[in-house]
Each structure stands twice: as C-alpha cells, then as structure tokens.
Amino acid sequence: MPSSIGQPQQPKQPSRKGKKAWRKNVDITEVQQGLESLREEIRQGGPVSEKRSDELFVVDTAGSEDIKKKHQLHKPLKVDEILAQRSAVPPVDGRKRPARVTDGILEPAAKRQRKDWVSKKEVQLLKKDLASQSHLQAERLEEDAAFDLWSAAPEEPSKAVEDDYIPKVRAKVAPDTIRRAPQPMTTSGRPVRAVQNPDAGTSYNPTFEAWDDLLNREGDREVEAEKKRLEQTKIEAEREARVAASALEAEREAEADYESVWEGFETENDEATLKKKRPERKTQSQRNKIKRRKENERLAKHEAAMGRKQKQTEEAIMAMIKAEQNKELAKPGSGSDEAEPDVDDTQLRRRKLGNRAIPEKHLEVVLPDELQESLRRLKPEGNLMTDRFRNLLVNGKLESRKPILQPKKRKVKVTEKWSYKDFQIKV
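Conventions and cut-offs
- Residues numbered from 1 in each chain as written.
- Predicted model: local features only at pLDDT ≥ 70, side-chain atom pairs only at ≥ 80, totals over all residues.
- Heavy atoms only, no water.
- Helix = DSSP H or I, 4+ residues; strand = E, 2+ residues; numbered from the N terminus.
- Areas by Shrake-Rupley, 256 points an atom, 1.4 Å probe, with all protein chains shown as cover.
- pLDDT = per-residue confidence, 0-100.
- Contact = heavy atoms within 4.5 Å.
- 1 Å grid on protein atoms, 1.4 Å probe; cavity = no way out; pocket = protein on both sides within 12 Å on 5 of 7 lines; lining within 4 Å.
- Points joined across faces, edges and corners; volume = space filled by probe spheres on them.
- Patch = residues over 30% accessible without salt bridge, like charges linked within 9 Å, V, L, I, M, F, W, Y side chains within 5 Å.
- Salt bridge = Lys/Arg side-chain N within 4 Å of Asp/Glu carboxyl O.
- Buried < 20%, exposed > 50% of the residue type's maximum accessible area, 1.4 Å probe, protein only.
- Phe/Tyr/Trp six-rings, centres within 6.5 Å; stacked < 30°, edge-to-face > 60°.
- Expected span 1.5 Å × (residues − 1).
- Polar contact = N/O pair within 3.5 Å; in protein donor to acceptor, adjacent residues only side chain to side chain.

**Some words on the overall build of the protein**
Here is step 1: In terms of regular secondary structure, the protein is built from 11 helices and zero strands.
Here is step 2: The order of α-helices and β-strands along the protein, N terminus first, is α-α-α-α-α-α-α-α-α-α-α.
Here is step 3: When the accessible area of the protein is evaluated, it comes to approximately 41700 Å², of which 55% is carbon and sulfur surface.

**Quick word on the confidence of the model for the protein**
Here is step 1: The pLDDT averaged across the protein works out to 77; a share of 73% of its residues lies at or above 70.
Here is step 2: Summarising per-element confidence for the protein, the mean pLDDT is lowest in helix H9 (residues 268-274) (54) and highest in helix H1 (residues 29-43) (91).
Here is step 3: Taken as a whole, residues 334-339 scores under 50 in pLDDT and shows six contacts with residues more than four places along the chain or in a different chain.

**Re the layout of surface pockets**
Here is step 1: The computed volume of the largest pocket comes to approximately 1900 Å³.
Here is step 2: Taken together, 48 residues line the largest pocket, and the ones lying closest to its centre are Thr202, Lys361, His362, Leu363 and Glu364.
Here is step 3: For the lining of the largest pocket, the secondary-structure elements that each account for two or more residues are helix H8 (208-263) and helix H11 (384-394).
Here is step 4: The dominant element in the lining of the largest pocket, judged by the number of residues it contributes, is H8, at eight residues.

**Quick look at a nonpolar patch on the surface**
Here is step 1: A grouping of Val26, Ile28, Val31 and Leu35 is seen on the molecular surface, where their side chains present a nonpolar patch of about 290 Å² in accessible area.
Here is step 2: Structurally, the position occupied by isoleucine 28 is in the segment before H1.
Here is step 3: Taking relative accessible area as the criterion, isoleucine 28 reaches 31% and is therefore assigned partly exposed.

**A short note on the packing of aromatic side chains**
Here is step 1: In this structure the tally under the stated criterion is one aromatic pair.
Here is step 2: Between phenylalanine 208 and tryptophan 211 the ring centres are 6.3 Å apart and the planes differ by 45°, which places this aromatic pair in the tilted class. Taken together, the residues phenylalanine 208 and tryptophan 211, both in helix H8 and three residues apart, mark about one turn of the helix.

**Observations concerning H1**
Here is step 1: In this model H1 runs 21 Å from its N-terminal to its C-terminal C-alpha over 15 residues, within 8% of the 21 Å that 1.5 Å per residue would give.
Here is step 2: Phi turns positive, to about 130°, at glycine 45, one or two residues after H1.

**Some details on helix H5 (residues 120-131)**
Here is step 1: Over its 12 residues, H5 runs 17 Å from end to end, which matches the ideal 16 Å to within 8%, given 1.5 Å per residue.
Here is step 2: Within H5, only zero of the 12 residues are buried, leaving the element largely exposed.

**Re the side chain of asparagine 391**
Here is step 1: Residue placement: asparagine 391 occurs in helix H11.
Here is step 2: If we ignore the near neighbours within four places in the chain, the residues touching asparagine 391 are Val192, Arg193 and Ala194.

**Quick look at the side chain of asparagine 395**
Here is step 1: With respect to the helices and strands, asparagine 395 occurs in the segment after H11.
Here is step 2: Overall, the relative accessible area of 5% leaves asparagine 395 in the buried class.
Here is step 3: In this structure the side chain of asparagine 395 is engaged in a polar contact, spanning 2.7 Å, whose partner is the backbone nitrogen of valine 192.
Here is step 4: Ignoring sequence-local partners within four residues, the contact set of asparagine 395 consists of Pro182, Gln183, Pro184, Pro191 and Val192.

**Some remarks on the pattern of salt bridges**
Here is step 1: In total, this model carries 16 salt bridges according to the counting rule given.
Here is step 2: A salt bridge links arginine 39 to glutamate 36, with the nearest nitrogen and oxygen atoms 3.2 Å apart. Placement of the pair is arginine 39 and glutamate 36 together in helix H1, with a separation of three residues, close to one helical turn.
Here is step 3: Of the residues examined, arginine 39 reaches a relative accessible area of 43% and is grouped as partly exposed.
Here is step 4: Residues participating in the shared-partner salt-bridge network are Arg52, Asp54 and Glu55.

**Examining the environment of arginine 376**
Here is step 1: For arginine 376, the location among the structural elements is in the loop between helix H10 (284-330) and H11.
Here is step 2: Assessed through its relative accessible area of 70%, arginine 376 is described here as exposed.
Here is step 3: Taking the C-alpha atoms as reference points, arginine 376 and tyrosine 204, separated by 172 residues in sequence, lie 9.9 Å from one another.

**Details of the environment of arginine 388**
Here is step 1: As for its position among the elements, arginine 388 is in helix H11.
Here is step 2: Overall, arginine 388 belongs to the partly exposed group, its relative accessible area being 39%.
Here is step 3: Along the primary structure arginine 388 and valine 195 are separated by 193 residues, whereas in three dimensions their C-alpha atoms are 8.3 Å apart.

Listed below in structure tokens is the structure:
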C-alpha cells in the first residue's frame, strides 16, 4: 500500500515518448486504488462483479426493528429531550436550615424542636378550652380586651399654658390667582387646543397647492425675521462704533489737556469757559413764544395720554367680549368646538410670561428633496413633550422659567471638637 506522501508524480505532464512509452515518474494512483478495492472485496467474500444478483439483493417485506429504533421515525421535541434527561446526582436541598455550627451531620426535620413554636394540636386544645368557658367570663374577657389605655381623652391644658407653649395653627390661604382663569398669550386671546389639527401641507404626500402655500408662508416669516435680525445687528454695530469713537475722542482730549497742563498754559476751552457772557434779558415776545410752545407740548402730551387710555379701554372691552364668547363656546353641549378653527399660536401678544421668553414653534416644513411620498419611508420628527410644554406656556397655564442647571447646595460648616483638650492631670 502506498504511503500517505506517495512517490514523485507528474499527473499534469503527459508522456512525450509515444503512446506505450514508459517513464520513471508516471502517475499510477488510479491503478493502485483499483487493486486495493479489489483486495478489499476479496477479503469481504469475493468480487462484487462476479456474484449473482440473488446473492447481492434481498427483498425485505417486514422491515428491520433495529433500523426503526436507530432512525426513530417519530423524532421527539427538543423540550422533551431536555426534560427527559435526569441526573443521577440528587438535587440540592432548598429548605431553610438554622444558622448554627454543627459537625456537618444534619438531624432530620422530625427530631428538631423549636422552643418558640406552638404546634397545631396545642392551638386546637387552647381553642377548645376558651370555648368551654362561661358566657360571663367570655364577656369579661372581651371587655378587658376592648379597653384601650391610650384611647382615654387627655386632660385639656389650661388656656395660658396653651398660649405660651403651643403655637396656633394658621389656616392655609390660597392665592387669588388660583381662582382666575389662565390668560392665553395668543394675539386673539383665545386658548390653543392641546392637540391642533395639522396643516395639509405637512402631510407625507401633500397636494402641491397646500405644500406650496405652507412653504411660502413659512419662507416669508423667516425672511422677515432675518431682516429684523440684520437691522438689529446694524443698529448694534452703529452703537458700538459711536461708543468707540466717543471713547477715542475723550482719550485724545484727556491727552491734550494733560500736555497743556504739563507745558504750563491753559487750553482754548478753558479760555472760552472763562469768557462766557451772561445771558441777555428776554423780551416779552420771546417769553410769549416760549409759553405758547410749552402749552402746545402739554396739550400734545395730554392728547397722547387720552388716546392711550381710550385704546386700553377699547382693548379691555374687546377682551371682555371675547372672554364671554369663549365661555359660551366652552359650555357643554354647545357643539361648536368641532367647527371652531385652530388658533394661530405663532403670533403672540407677549413673548415673556416669567423670566424667560416663550420658545419658538418648531418649523414644520419639508423641502422638495425631503418629500418621501410614502408612509413607510417617513421619518418621525418632533417631540410630543416639547409641543405639549409649549402649549401650556402659550395658554398661560405655566410660566417659562430658566432651568436651574447648578442648584444651590446645602451649606455645611465643618468644626473641630475641642473635647480632647479638656483634660485634667491628677497630682
């Protein structure tokens, strides 16, 4: 039989000396395998090619029990196989045992005695003894058991002692604002619904008209906001430039004054202040002119104040009318809540209710390249908690406050006891 390594072979190299030529290193693996298989068949009873068909094949009509057991036509479940496995090692005892040190040999549970435990048999005996007592004794026992020492009414202290040592309990008084209805921050004065009807343009597959209308509205709003921001930036830059110029001019004047004083002479400004003339006496026509001007200014201020007062009165009346309308709409059974349009909560009459401004509403606009046109590919956006919190701020039910990121910690004063210094030496 050839070794596992085998002799040098050239299976890929054909012979170049003719059909029946012989070379030293010729691949004879197939010949050796054939001879080896023939020898194996001879050892097992003879070559298969020389045997008859009735020696090779048998017709089985009954079937073999060994094959049935071996292959298991009805394969059990894996769960049944796991549950069928039983270990020869006994399981660990899960009963509670007393925490005491022993020599490793535990006594059976029947032999253990509990000193602070009463058996069920003794409990039954005690119940029978109590039932056999007389009715009078049972009533006496019930009266004794029902008596509670601590339920007796304590003696009322004197009025003077109560006034001296026991402070009076003050009743809690609710603030006046708790009885008032919240004032919405919207321009119309009407409250905003907790869950508003969404705009048609915010759909995942909107119509072109609704989407274009929403895009134009939000775009115009953002353009106006950007114009205001640029204008405010320009005003701030001009103010800073004026402040810087005035500071530079004051610095130059201070340097000039310092140099003039150092050289020993006064500046022209000082001479001008010294050479000021006294104001001349005004004529009667000038006095009348000043009087008329002041009277006109007073009348203008009075008219402006009256106009503001009239405007405030009209606004208060309109607010009262709107409040009455809202009360009528809010009555149960009116049925007008369904038909009432949603209130615009983007325009607010006041930006602040508290120490912080009300946050802007989330921009709910989708650009053309972000339209999915399919609910399956739609990406969820926004935050329900943020929307609900802003809704409470707009309706005036909460105040917008600045979050306390670093709360004040409790002040702890660390002192060292001096008791170790208080000692006495006995002489």
